[in-house]
Amino acid sequence: MYNPSSRKATEFIDHQEILDTLAYADENCENVELIDSIIAKAKERKGLSHREASVLLACPIPEKNEEIYKLAEQIKKDFYGNRIVMFAPLYLSNYCINGCTYCPYHMKNKHIPRKKLTQDEIRREVIALQDMGHKRLALEAGEDPQNNPIEYILESIKTIYSIQHKNGAIRRVNVNIAATTVENYRKLKEAGIGTYILFQETYHKESYLELHPTGPKHDYDYHTEAMDRAMEGGIDDVGLGVLFGLDKYRYEFAGLLMHAEHLEAVFGVGPHTISVPRLKNADDIDASSFKNGIDDDTFAKIVACIRVAVPYTGMIISTRENQACRERVLHLGISQISGGSRTSVGGYAEPEPEDESSEQFDVSDTRTLDEVVKWLMDLGYIPSFCTACYREGRTGDRFMALCKSQQIQNCCHPNALLTLKEYLMDYASPETKKIGDALIEREIENVPNPKARETLVKHLKEIENNEGRDFRF
Ligand code: SAM
């Protein structure tokens, strides 16, 4: 029986409820009256239920879809302004004992070089990332209790936070590691992680079991209930995601929103972020052999529908997607993107020779961080390296309260400008710096509170004169 408040995976992600939702969406996908009422509800910016959002996703009417896209863009502007948060993944180890059929790190792959960074190698990677200008990382590792035990992850986090190279610092470490115990989540929280990210891969239990035939990840319930354990362990910023291409996208979409509703029902706070990865070619993985791939139009529609359904949730896109696709979905609701990424173990300090690649998947956007930053500014966005909320204790419902208090423009906006200024001073090419300085000059005017504006101008000067870094509201 479907029950969003249940702690059992198969009750809060109830298969029958998803089937009923899809049938309801099919029946109503051209019901203009209903669609108008759902769009009107979404305009109130309080979100939509999985059923309502599924109707919008299924709707084939071009004019209605235009309305949905416009609304997604407006909601994005209202909640996130024109800021885009930057991050990079850092692969610690590709040792893995799972058998995921879509991932080249699966245990049976004897061809891919297996690598695990030592603390010294991590230091080198982090210095390379700091020298690019990154302040926020997402740690990635395969699941292998012997090679990558929690102690290794914790030690690595400590190493990362301890490195201060020139003006560089990693100020927020998000973690994307396999589902684990409440006790381990507590340890991650104590180590000072930002968001705990775990992709569900697919919400369809039967497919899940086939796609994860061996290893601890085979346990669908344990994997699906991971965010509950993370929250119990004190991590109140969690990041959801599905790997689009594994099962039918409409099923995944409904499951994803039901997962968000479950977290809201049980813990009073929804997911901090939702990621939208699509399956890619990789070492021994041929993405075209999976039958549920989605095209760029469908992908854009999914992003827009997530945006209107969960307006407070950040949305992340990685370099799995190419420049054109990233540009399109930035307008529709994406709030965080990676730049200059390497998906290999140890790829930042020293690029790997092609025949020895430990990459997890092919990267489509291979531009440098400087190129991505310049591109974003040319498009009218403010690339933000801000990590203030989490460091000021504004996580979970406190972050949501900030969103709802309409103070974002007096808080996130100046923080974005301050961290962009740091980037321009310390890492940008002359051309990027010129464009960025002009952008900051214009954007100062968009801080409504005069006191906040004054403080911002003072700190910008201090950064310019090298009198300080790391100011935050
Ligand atoms: N081992 C951890 C786990 O089980 O969640 C860490 C995650 S892994 C390093 C990061 C994510 O990459 C996976 O959750 C999966 O969704 C994604 N991934 C795996 N193979 C992929 C592929 N061929 N194309 C795109 N993304 C892939």
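All values reported here derive from a predicted model rather than from experimental measurement.

Student: Please explain the overall build of the chain as it appears in this structure.
Tutor: For the chain, the count of helices and strands is 20 helices and nine strands. Against the 2.2 N^0.38 benchmark of 23 Å for 473 residues, the chain shows a C-alpha radius of gyration of 21 Å, consistent with a compact globule. Seen through its principal axes, the chain has C-alpha atoms that stretch 60 × 55 × 40 Å. Every one of the 473 residues in the chain was classed for burial, and the buried ones make up 51%.

Student: Help me understand the domain arrangement of the chain in this model?
Tutor: One frequently used descriptor of interface size is the decrease in accessible area upon assembly of the parts. Looking at the chain, the domain boundaries give domain 1 (77-366) and domain 2 (390-464). Distance between the C-alpha centres of domain 1 and domain 2: 27 Å. Contacts between the two partners involve 15 residues from domain 1, matched on the other side by 15 residues from domain 2. Across the side of domain 1 that touches domain 2, the residue classes tally to four nonpolar, five polar and six charged.

Student: Please clarify how the site of the ligand should be interpreted in this entry.
Tutor: Contacts to the ligand come from 21 residues, most closely from C103, F199, L243, K280 and F361. Taken together, the residues of the shell around the ligand break down into 12 nonpolar, three polar and six charged.

Student: I keep staring at the nonpolar core and nothing clicks. Help me out?
Tutor: If you look at soluble globular proteins, the nonpolar side chains tend to sit buried side by side. By size, the foremost hydrophobic cluster in this structure holds 137 residues, and its most contacted members are L137, Y196, V303, C305 and V308. Residue-level mapping places this core at the junction of two domains, with at least three residues from each of domain 1 (77-366) and domain 2 (390-464). Other than its neighbours up to four places away in sequence, L137 contacts F87, A88, L90, L129, I160, I170, V173 and N174.

Student: Any chance you could explain unusual backbone geometry here in plain terms?
Tutor: Keep in mind that most residues, glycine aside, have a negative phi and that most peptide bonds are trans. The backbone phi angle of R45 is positive, close to 65°, even though this residue is not glycine. Note on placement: R45 falls in the loop between α3 (32-43) and α4 (50-58). Residue classification places R45 among the partly exposed positions, given that 16 C-beta atoms sit within 10 Å. Non-glycine residue E201 carries a positive phi angle of around 70°. Along the polypeptide, E201 turns up in the loop between β4 (193-197) and α9 (205-211). Residue classification places E201 among the buried positions, given that 24 C-beta atoms sit within 10 Å.

Student: Looking at this structure, I do not really get helix α13 (residues 296-309). What am I missing?
Tutor: Quick reminder: α-helices carry 3.6 residues per turn. Residues three or four places apart thus point the same way. Helix length check: α13, at 14 residues, gives a terminal C-alpha distance of 20 Å against a target of 20 Å (1.5 Å per residue), a fit within 8%. Here α13 lies mainly inside the structure; 11 of its 14 residues are buried.

Student: What exactly am I supposed to notice about the environment of R442 here?
Tutor: For R442, the location among the structural elements is in helix α19 (residues 430-444). Each C-alpha atom of the pair R442 and S364 lies 32 Å from the other, and the pair is 78 residues apart in sequence.

Student: Please clarify how the packing of α4 against helix α12 (residues 249-267) should be interpreted in this entry.
Tutor: When two helices pack together, their arrangement is given by the angle between their axes and by how far apart the axes lie. Where α4 meets α12, the closest approach of the two axes is 9 Å, and the angle between their N-to-C directions is 155°. In this view, α4 runs roughly antiparallel relative to α12, as classed from their interaxial angle. At the point where α4 passes α12, the crossing takes the right-handed sense. The residues of α12 that touch α4, namely those facing H50, A53, S54, L57 and A58, are R250, F253, A254, L257, M258 and E261. Classifying every residue of the contact of α4 with α12 gives seven nonpolar, two polar and two charged.

Student: How do you make sense of the pairing of strand β5 (residues 238-241) when you look at a structure like this?
Tutor: On any regular strand, side chains alternate: one points to one face of the sheet, the next to the other face. By the alternation rule, side chains of β5 split into V238 and L240 and G239 and G241, which are all buried. Where β4 meets β5, two bridges bridge the pair, whose relative direction is parallel. Note that in β5 the partner of Y196 across the bridge is V238. Pairing analysis gives three bridges linking β5 to strand β6 (residues 273-275), with the strands arranged parallel. Bridging across to β6, G239 finds its partner in T273.

Student: Honestly, the environment of K77 in this entry has me stumped. Any pointers?
Tutor: On the secondary structure map, K77 appears in helix α5 (residues 62-80). K77 sits in the exposed class, given 11 other C-beta atoms within 10 Å. Once the C-alpha coordinates of K77 and P145 are considered, the two residues, 68 residues apart in sequence, prove to be 43 Å apart.

Student: What exactly am I supposed to notice about the pairing of strand β1 (residues 83-93) here?
Tutor: Burial of β1 is extensive: 10 of the 11 residues sit out of reach of the surface. As paired elements, β1 and strand β9 (residues 382-384) share three bridges and run parallel to each other. Directly across from R83, in β9, lies its bridge partner I382. Pairing of β1 with strand β2 (residues 136-141) involves five bridges; the strand directions are parallel. Bridging across to β2, Y91 finds its partner in E140. With helix α6 (residues 119-132) bridging β1 and the parallel β2, this β-α-β connection has right-handed handedness.

Student: When you look at the packing of α12 against α13 in this model, what are you seeing that I'm missing?
Tutor: Between α12 and α13, whose axes approach to 12 Å, the crossing angle comes to 20°. Our classification of the angle between α12 and α13 gives roughly parallel. Between α12 and α13 lies a crossing whose hand is right-handed. Contacts between α12 and α13 involve Y249, F253 and L257 on the former and, on the latter, T298, I302, C305 and A309. Classifying every residue of the contact of α12 with α13 gives six nonpolar, one polar and no charged.

Reading the values: the criteria
- Residues numbered from 1 in each chain as written.
- Predicted model: local features only at pLDDT ≥ 70, side-chain atom pairs only at ≥ 80, totals over all residues.
- Helix = DSSP H or I, 4+ residues; strand = E, 2+ residues; numbered from the N terminus.
- Rg over C-alpha atoms; globule rule 2.2 N^0.38 Å.
- Buried ≥ 20, exposed ≤ 12 C-beta atoms within 10 Å, placed from the backbone.
- Domains from an automatic or database assignment.
- Contact = placed C-beta atoms within 7 Å.
- Nonpolar A, V, L, I, M, F, W, Y, C, P; charged D, E, K, R; others polar.
- Near = placed C-beta within 6 Å.
- Core = buried A, V, L, I, M, F, W, Y, C linked by C-beta atoms within 7 Å.
- Expected span 1.5 Å × (residues − 1).
- Axes fitted to C-alpha atoms, helices over the stretch in contact; angles between N-to-C directions.
- Parallel < 35°, antiparallel > 145°, perpendicular 65-115°, else oblique.
- Left-handed = near helix turned anticlockwise from the far one by under 90°.
- Pairing = 2+ DSSP bridges.
- Right-handed = clockwise from strand over helix to strand, strands pointing away.

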